[in-house]
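Chain by chain, the residues run as shown.
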Amino acid sequence: MENISGYARILARARIEQQINKPIIGKPYLKYGQCYILWSYFFQLGGILGAKHCGNLDAFGPAFLGGIQGEAGAIKRLFKEVANDLVTHSVSDSMKFEDYIGVEFMGRIGYKGDAHSFLFKHGMEKITPETAEELAWQYARDGAALGAIYPDILREMFQRTHAGVPEGIWEQARAGGLDIPPEQDLMSYEEVEEGEDEVFMAYCRECCPNLCSILIA
């Protein structure tokens, strides 16, 4: 069977290449502060696409995450396992996407404070591109599992993440000299879903047309 790199990994590699710091002396690196934003995006991306293609997970799994196509139902079983663990131990009903990244990463490294204090102290420290890419892929998988199995929870996280600033505060910020437009440019879930899926399906048509035909059926 065809072994596919997967959209999430290819996109992560491209995004990291755009943001990578290349010193004259020493190895290329990213900063933790950069990765926090990057990983939050990939969790959101996975969630939106997982929810969109939840009816065709056998095709979506290898197209999005890579690997060799397996037996029918294998991806759904994996996603159920991952998603159930998330809602049991990690995801709360007040979280934004970046909150989940903070909780998961702080637990991963054994940091006892919260994500804000970690970023204040360590946001400028270096992380290798390889590690940043692998974690972007893992967070994309987590998001895809949550979106596929618990789409309502994913959508609620999206709404909290992209909620607008109260109008009065926005106007005060403009009056105070902040360079922002007169009105907030907020995109709906449906608009973001349409844009992300359009790019994903273009990848599928180019790199895994056999899976693409299933995903558009």
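Below is a summary of the structure that appears in this document. (Residues numbered from 1 in each chain as written. Predicted model: local features only at pLDDT ≥ 70, side-chain atom pairs only at ≥ 80, totals over all residues. Heavy atoms only, no water.)

**What to know about the nonpolar core**
Ranked by internal contacts, the top residues of the largest apolar core, which has 64 residues, are Trp39, Phe42, Phe60, Phe64, Phe79, Tyr100 and Phe200. Excluding anything up to four places from it in sequence, Phe200 contacts Tyr7, Leu49, His53, Phe60, Ala63, Phe64 and Leu215. (Core = buried A, V, L, I, M, F, W, Y, C linked by side-chain atoms within 4.5 Å. Buried < 20%, exposed > 50% of the residue type's maximum accessible area, 1.4 Å probe, protein only. Contact = heavy atoms within 4.5 Å.)

**Looking at the side chain of Asn21**
Relative to the elements of secondary structure, Asn21 occurs in the loop between helix H1 (7-19) and strand S2 (30-31). Setting aside its immediate chain neighbours within four residues, Asn21 contacts Pro28, Tyr29, Leu30, Lys31 and Gln34. (Helix = DSSP H or I, 4+ residues; strand = E, 2+ residues; numbered from the N terminus.)

**What to know about the packing of helix H8 (residues 151-161) against helix H10 (residues 189-207)**
H10 packs onto H8 with a crossing angle of 105 degrees between their chain directions and a minimal axis gap of 11 Å. The angle between the axes of H8 and H10 places the two elements in the roughly perpendicular class. Residue-level inspection shows Leu154, Arg155, Phe158 and Gln159 of H8 in contact with H10, the latter providing Tyr189, Glu190 and Val192. Class assignment for the residues of the contact of H8 with H10 results in four nonpolar, one polar and two charged. (Axes fitted to C-alpha atoms, helices over the stretch in contact; angles between N-to-C directions. Parallel < 35°, antiparallel > 145°, perpendicular 65-115°, else oblique. Nonpolar A, V, L, I, M, F, W, Y, C, P; charged D, E, K, R; others polar.)

**Details of the packing of aromatic side chains**
As enumerated under the stated definition, the model contains 14 aromatic pairs in all. For the ring pair Tyr41 and Phe42, a centre distance of 5.3 Å and an interplane angle of 85 degrees mean the geometry is edge-to-face. The class for Phe42 is buried, based on a relative accessible area of 0%. The interplanar angle of 90 degrees and the centroid separation of 6.3 Å between the aromatic rings of Tyr100 and Tyr139 together place this pair among those described as edge-to-face. Remark: Tyr139 occurs in helix H7 (residues 129-149) and Tyr100 occurs in helix H5 (residues 97-109); sequence separation between them is 39 residues. (Phe/Tyr/Trp six-rings, centres within 6.5 Å; stacked < 30°, edge-to-face > 60°.)

**A closer look at the pattern of salt bridges**
All chains considered together, the criterion is met by eight salt bridges. Between Glu133 and Arg9 there is a salt bridge; the shortest N-O distance is 3.3 Å. Of this pair, Glu133 sits in helix H7 while Arg9 sits in helix H1, placing them 124 residues apart in sequence. Pair check on accessibility: Glu133 and Arg9 agree, each one buried. When the shortest N-O distance is used, the salt bridge between Arg108 and Glu104 registers 3.0 Å. Of the two residues, Arg108 and Glu104 both sit in helix H5, four residues apart, roughly one turn of that helix. We classify Arg108 as partly exposed; its relative accessible area is 40%. (Salt bridge = Lys/Arg side-chain N within 4 Å of Asp/Glu carboxyl O.)

**Focus: the environment of Leu215**
Turning to its location among the elements, Leu215 is positioned in helix H11 (residues 209-215). Take Leu215: its relative accessible area is 7%, and that puts it in the buried class. Between the C-alpha atom of Leu215 and that of His53, which follows or precedes it by 162 residues, the distance is 7.1 Å.

**Some thoughts on empty space enclosed by the protein**
Throughout the structure, instances matching the rule amount to one cavity of 30 Å³ or more. Of the volumes computed, that of the largest cavity is approximately 50 Å³. Broken down by secondary-structure element, the contributors of at least two residues to the lining of the largest cavity are helix H2 (32-52), H5 and helix H6 (115-122). Looking at the lining of the largest cavity, its residues break down into eight nonpolar, no polar and no charged. (1 Å grid on protein atoms, 1.4 Å probe; cavity = no way out; pocket = protein on both sides within 12 Å on 5 of 7 lines; lining within 4 Å. Points joined across faces, edges and corners; volume = space filled by probe spheres on them.)

**Topic: the environment of Lys96**
Within the fold, Lys96 resides in the loop between helix H4 (74-89) and H5. Overall, the relative accessible area of 33% leaves Lys96 in the partly exposed class. For the pair Lys96 and Leu154, spaced 58 residues apart in the sequence, the C-alpha separation amounts to 9.5 Å. Excluding anything up to four places from it in sequence, Lys96 contacts Met157, Arg160 and Thr161.

**Examining H8**
Structural remark: α-helix, 3.6 residues per turn; residues separated by three or four positions point the same way. Within H8, burial applies to Leu154, Met157, Phe158 and Thr161. All buried residues of H8 project into a common sector of 100 degrees when viewed along the axis, lining one side. Turning to H8, the residues buried within the fold contact H2, H5, H7 and H10. (Arc of directions from axis to C-beta.)

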